[in-house]
Amino acid sequence: MKLMNVHYKNASVMPQPGYDVKYPQHNIGNAVYKAFVEADSLSWNALCKKKGDYALPGGYRAILVLPTNMSYKWITYSD
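### Description of the overall build of the chain
Reasoning step 1: Counting secondary structure elements, the chain contains two helices and four strands.
Reasoning step 2: Relative to its full complement of 79 residues, the chain shows a buried share of 19%.
Reasoning step 3: In the chain, of all internal contacts separated by at least 6 residues, the share reaching a separation of at least 24 is 62%.
Reasoning step 4: Accessible surface, the chain as shown: approximately 6900 Å² in total, 54% of it carbon and sulfur.

### Details of the environment of alanine 55
Reasoning step 1: Along the polypeptide, alanine 55 turns up in the loop between α2 (44-47) and β4 (59-65).
Reasoning step 2: Placed 37 residues apart in sequence, alanine 55 and glycine 18 show a C-alpha to C-alpha distance of 7.0 Å.
Reasoning step 3: Sequence-distant contacts of alanine 55, that is, excluding residues within four places in its chain, are made with Tyr19, Ala46, Leu47, Lys49 and Lys50.

### Comments concerning the confidence of the model for the chain
In regions of low pLDDT, the predicted coordinates are not meant to be interpreted in detail.
Reasoning step 1: Averaged over all residues, the pLDDT of the chain equals 76, while 87% of them reach at least 70.
Reasoning step 2: Looking at the elements of the chain, mean pLDDT is at its lowest for strand β1 (residues 2-3), recorded as 45, and at its highest for β4, recorded as 82.

Each value, and the rule that gives it
Residues numbered from 1 in each chain as written. Predicted model: local features only at pLDDT ≥ 70, side-chain atom pairs only at ≥ 80, totals over all residues. Heavy atoms only, no water. Helix = DSSP H or I, 4+ residues; strand = E, 2+ residues; numbered from the N terminus. Buried < 20%, exposed > 50% of the residue type's maximum accessible area, 1.4 Å probe, protein only. Contact = heavy atoms within 4.5 Å. Areas by Shrake-Rupley, 256 points an atom, 1.4 Å probe, with all protein chains shown as cover. pLDDT = per-residue confidence, 0-100.

Right, dumping it as C-alpha cells:
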C-alpha cells in the first residue's frame, strides 16, 4: 500500500484528519472521522482546506504491522 509517498507493506493504517489524506470510501468511515472532528468543536470543512487556522496535511498511523526480520529465542524459567 502506498499513501503520501510512504510505503506501508503488510500494515493496517488509520488516517489522521487533514487535507492530504485519503479517507475510507464507505459511509461508516466518513461518519466516524467527522464525528471525531466535530466532538472537538472543529469544522470538518475548515480542517480539510489547505489554507486556514486549522489546516493540517494529516497523515497515516500504522495500527497493525506484520513484523519482518524478526528472531526469537525460547527461554525457560525455573525458580
